[in-house]
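Inside the fold
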Amino acid sequence: MKSKIKWAALGGLVLSFLSLLVHLLLAKYSSADLLQYNAMTIFSEDLNMNVEGRQGPGYRKLWKNVKSLESLQPHANPRSRYPVPTKQNNGFIYAKVFGGFEKIRTSICDLVTISRLLNATLVIPEIQESTQSKGISSKFKSFSYLYNEEQFIAALANDVIIVKSLPPNLKEARKRKQYPTFKPKSSASPSFYTREVLPKLKKSKVIGLVLADGGCLQPILPPSLAEYQRLRCRVAFHALHFRPEIIALGHLMVERLRASGQPYLAYHSGLVRDTLAYHGCAELFQDVHTELIQYRRAQMIKQGIIKEELNVDSFVRKGNGSCPLMPEEVGLLLRAMGYPPKTRIYLAGSETFGGQRVLIPLRAMYTNLVDRTSLCSKQELTNLVGPEMPLPLDPFKPPSAKSVGQLKQEWDKASPRPRPLPPPPDRPIYQHEKEGWYGWVAEKDSEPDPAPIDLRRQAHQLLWAALDYIVSVEADAFFPGFNNDGSGWPDFSGLVMGHRLYEMASARTYRPDRKYLAELFNRTSDHLYYPNHNWTLSVREHLNKSLGEEGLMREFHLSKPMSFLSHPIPECSCRIVNTAEVQGSGKGISHQLLYEGEDECPKWMEHGLTTGHVPQNIGNEDEPQEDEMDLEGQLELDDEGSTTNTTPSLEQDEETDPDD
């Protein structure tokens, strides 16, 4: 009997060893594949749970279109006499564009508009963040690193003549800096170009523009220049296509998010160092991030960008809406709206200032929070970047140790004896303390110049922002953390919201009022995770109204004066008014009162509205009205897959819907 037990124990040990060996081999040879489908596995597990009511009318209402805005349709075609450009024009315009993704996109749209205004030929602009000096792949030029050159030229053939480079004779003169160069601001008026720039263009036949302000033309133009506003829309929404590899990977990410027909929400935090420094939001963070914001704010004051004091009360700023909604607050808002804990949320933004620490509360509330690294394998992202020359990944060099002779020489030169013992050696600086782009804060008072690897990462961030842009525009719902901040710089959320407004105005895009929400959060600061019934209703009422005409009216007054592309209507839209369905859906504020001079859509567009595509998981107006589920009233999943219902859902008659 004892020998049988020994043999059984030995067999168990052998099987355990074999099992461990198999797991190690699997982890070694298939880690990339497992990483690539990690998020998809989580989504599949969620879909297989047996939860009754998940697809009920209340859940579908969270994703349905805003029917009162379905009459708004994209229409950026010329509506008056619009001559085709000819090669016999006033000359060439070449430009250098500085800044990140948002500034690049806005600047290119303004450049095309200026070229049309001055009757000039535009040379493909140079994107300085993606020049060869930044260490990008030799496979791309600066513009083609992000955008499709051929599509850009062909789509604008009836608007502006675009060439890839200057003629050889003019190119040599440019190298000798024989042509005038201008550095216009984003608030430059059309008269500045017709009075100051045009005469020099006609004289020299070539001018250069240096754009570092996120644009070169004021956002709002007089009604007589409405065709130039529509040209901006044609550039942004029809001509500026990303290169095919970016589009393919972006659409693949959307497919993975929508696996099994499930919708997803895109969220951009807006936590960017420059914007936080501009508004004085340093105290909202901790440790080194506060120092980084204050250092950048001091730089802006020195450069004259900010006319205020260095130290301001961040909580007062947050109270008046000048600071972003933190990820934790966004999670609480989504929970109050009734989005279930397993909702798929895509986190856009290649740089979330504050790191993973600020995302912990949101990730705890919504476990299906993913970003590009969760949806794409490392190989897919590497293929997008292209072949690059190797760079030293770790420029850190520990301080060299002093020789015995140097130590003896220092000892001999010391003060006369008796003297105290020499101080202990300095604590060594370990490598892990140098990791990250903020390691200089602990040692220096000034920020060091970027290393070659930092310049390459800045170029990569353009690609990551392009992927985020595609996923955010295609999302079933979009929630901005920080848009129309008043800085005058174009922001990612504003560009996404403007694109969604142009392509499909009725898509679910939240436009929160941060000042009003700050008051709501202050009202329940002691019970954030267990707010009272009225607080939840107030949040729902505000966010539902922000989806519709009231939210559009607010954005018209706040966003458009800062960036036309963030609110490209009514210049780039039209309204269908001849279908019975549309005529019966207008509720609340009259849309004609919001936008004077709004055009009626051509007759051929009416058919598109009645037969248009309806996204999945979007409810109908004919369905029985049912209150959206909140966290307390929805069915929650426990670890075993069972369901528990904690408290009854909120009453329907206290709900406010954007269509009501």
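Analysis parameters
Residues numbered from 1 in each chain as written. Predicted model: local features only at pLDDT ≥ 70, side-chain atom pairs only at ≥ 80, totals over all residues. Heavy atoms only, no water. Helix = DSSP H or I, 4+ residues; strand = E, 2+ residues; numbered from the N terminus. Expected span 1.5 Å × (residues − 1). Buried < 20%, exposed > 50% of the residue type's maximum accessible area, 1.4 Å probe, protein only. Polar contact = N/O pair within 3.5 Å; in protein donor to acceptor, adjacent residues only side chain to side chain. Phe/Tyr/Trp six-rings, centres within 6.5 Å; stacked < 30°, edge-to-face > 60°. Lys NZ or Arg CZ within 6 Å of the ring centre and 35° of its normal. Axes fitted to C-alpha atoms, helices over the stretch in contact; angles between N-to-C directions. Left-handed = near helix turned anticlockwise from the far one by under 90°. Contact = heavy atoms within 4.5 Å. Pairing = 2+ DSSP bridges. Salt bridge = Lys/Arg side-chain N within 4 Å of Asp/Glu carboxyl O. Disulfide = S-S within 2.5 Å. Bend = angle between axes of the 7 residues up to and from the residue. Parallel < 35°, antiparallel > 145°, perpendicular 65-115°, else oblique. Nonpolar A, V, L, I, M, F, W, Y, C, P; charged D, E, K, R; others polar.

The protein chain is annotated in an unreviewed UniProt entry as O-fucosyltransferase family protein from Davidia involucrata.

Some remarks on helix H20 (residues 492-503)
Here H20 is 12 residues long and its end C-alpha atoms lie 17 Å apart, about the 16 Å a rise of 1.5 Å per residue gives. What H20 keeps buried is the set Phe492, Ser493, Gly494, Leu495, Val496, Met497, Gly498, His499, Arg500, Leu501 and Tyr502. The N-cap of H20, judged by a side-chain oxygen 3.3 Å from the amide nitrogen of Ser493 a few residues on, is Asp491.

Let's talk about the packing of aromatic side chains
With the rule as written, the count across this model stands at 16 aromatic pairs. With 5.6 Å between their ring centres and 75° between their planes, Phe140 and Tyr145 make a pair best called edge-to-face. For the pair Phe140 and Tyr145, a shared accessibility class is recorded, and that class is buried. Every member of this aromatic cluster is reached through a ring pair, and the members are Phe101, Phe143, Tyr147, Phe152, Phe242, Tyr469 and Phe492. Its end group placed over the ring of Tyr82, Arg116 keeps NZ or CZ at 3.8 Å from the ring centre. Sitting over the ring of Tyr145, Arg243 keeps its end group 5.7 Å from the ring centre.

Here we look at the packing of helix H17 (residues 378-385) against helix H19 (residues 452-473)
For any two helices packed against each other, one specifies the inter-axial angle together with the distance between the axes. Between H17 and H19, whose axes approach to 10 Å, the crossing angle comes to 115°. In the packing of H17 onto H19, the handedness of the crossing is right-handed. Here Leu381, Leu384 and Val385 of H17 lie close against H19, whose contacting residues are His460, Leu463, Trp464 and Leu467.

Description of unusual backbone geometry
A negative phi angle is the norm for most residues apart from glycine, just as the trans form is the norm for most peptide bonds. The omega torsion of the bond from Ile569 to Pro570 falls at 10°, within 30 degrees of zero and hence cis. By the secondary structure assignment, Pro570 is in the loop between helix H23 (549-558) and strand S13 (573-575). The backbone of Ser260 sits at a positive phi, close to 65°, despite the residue not being glycine. Following the sequence through the fold, Ser260 ends up in the loop between helix H10 (244-257) and strand S8 (265-268).

Concerning the pairing of strand S9 (residues 345-348)
The alternating pattern of S9 places Ile345 and Leu347 and Tyr346 and Ala348 on opposite faces, both of which are buried. Inspection of the sheet shows S9 paired to strand S10 (residues 369-370) by 2 bridges, in the parallel sense. Bridge pairing in S10 places Tyr346 opposite Val370.

Considering the sheet that holds S9
Read across the sheet, 5 strands follow the order S10-S9-S8-S11-S12 without closing on themselves; strand pairing throughout is parallel. Unpaired on one side and paired on the other, S10 and strand S12 (508-509) mark the two borders of the sheet. Pairing geometry for S8 and strand S11 (residues 477-480), over 4 bridges, is parallel. Pairing of Leu265 across the sheet is with Ala477, part of S11.

Re the environment of Gln128
Secondary-structure assignment places Gln128 in the loop between strand S4 (126-127) and helix H6 (149-155). For Gln128, a relative accessible area of 13% corresponds to the buried category. In sequence terms Gln128 and Gly99 are 29 residues apart; their C-alpha atoms lie 7.7 Å from each other. Residue contacts for Gln128: discarding those within four places in its chain leaves Lys96, Val97, Phe98 and Lys134.

Describing the pattern of salt bridges
Summed over the entire model, instances satisfying the criterion amount to 19 salt bridges. Here Glu329 ties to Lys318 by a salt bridge, and the two come within 3.0 Å at their closest N and O atoms. With a gap of 11 residues between them, Glu329 in helix H14 (residues 327-337) and Lys318 in helix H13 (residues 314-319) connect regions that are remote in the sequence. Side by side, Glu329 and Lys318 carry an identical accessibility label, which is buried. In this structure, Glu555 engages Arg554 in a salt bridge whose closest nitrogen and oxygen atoms are separated by 3.8 Å.

So, the side chain of Thr106
With respect to the secondary-structure elements, Thr106 resides in helix H5 (residues 101-117). Within polar-contact distance, the side chain of Thr106 engages the backbone oxygen of Glu102 at 3.0 Å. Every residue in contact with Thr106, bar those within four places of it in the chain, is listed here: Gly214, Pro490, Leu495 and Leu565.

Topic: the state of the cysteines
As enumerated under the stated definition, the model contains 3 disulfides in all. For Cys233, the disulfide goes to Cys572, at an S-S distance of 1.9 Å. Of note, the bridge from Cys233 to Cys572 carries an S-S torsion of about 90° and is right-handed in sense. With Cys233 in helix H9 (residues 226-239) and Cys572 in the loop between H23 and S13, the pair connects residues that are 339 residues apart, well separated along the chain. Exposure class is identical for Cys233 and Cys572. Each is buried. In this model, Cys574 is linked to Cys601 through a disulfide, with the two sulfur atoms separated by 1.9 Å. Judged by the torsion about the S-S bond (95°), the Cys574/Cys601 disulfide is right-handed. Here Cys574, found in strand S13, pairs with Cys601, found in the loop between helix H25 (591-594) and helix H26 (606-610); they are 27 residues apart in sequence, far enough to count as distant. Cysteine pairing for the protein chain, with bonded cysteines counted in sequence order: 1-4, 2-3, 5-6. Summary of cysteine pairing: Cys109 is not part of a disulfide, and the nearest cysteine sulfur, belonging to Cys233, is at 8.5 Å.

Notes on the pairing of S8
Here S8 shows two buried faces, one formed by Leu265 and Tyr267 and the other by Ala266 and His268. Note: S8 against S9, 4 bridges, orientation parallel. When the bridges of S9 are listed, His268 appears paired with Ala348.

Thoughts on the side chain of Thr509
As for its position among the elements, Thr509 is in strand S12. What makes Thr509 buried here is its relative accessible area of 2%. Setting aside residues up to four positions removed in sequence, Thr509 forms contacts with Phe478, Met497, Arg500, Ser546 and Leu547.

Observations regarding helix H8 (residues 190-204)
A rise of 1.5 Å per residue sets the reference length of H8, with its 15 residues, at 21 Å; its end C-alpha atoms lie 20 Å apart and thus fit the reference within 8%. Its maximal kink placed at Val197, H8 deviates by approximately 45°, while the proline Pro199 follows within four residues. Here the buried face of H8 lies against strand S2 (92-97), H5, strand S6 (181-182) and strand S7 (206-211). Just downstream of H8, Lys205 is the residue with a positive phi angle, here 70°.

Quick look at the packing of H10 against H19
In contact at an axis separation of 9 Å, H10 and H19 are set at 50° when each is read in the N-to-C sense. Considering the angle they form, H10 stands oblique to H19. Where H10 crosses over H19, the handedness of that crossing is right-handed. The residues of H19 that touch H10, namely those facing Ile246, Ile247, Leu249, Gly250, His251, Met253, Val254 and Leu257, are Leu463, Ala466, Leu467, Ile470 and Val471. Residue composition of the contact of H10 with H19, by class: 11 nonpolar, 2 polar and no charged.

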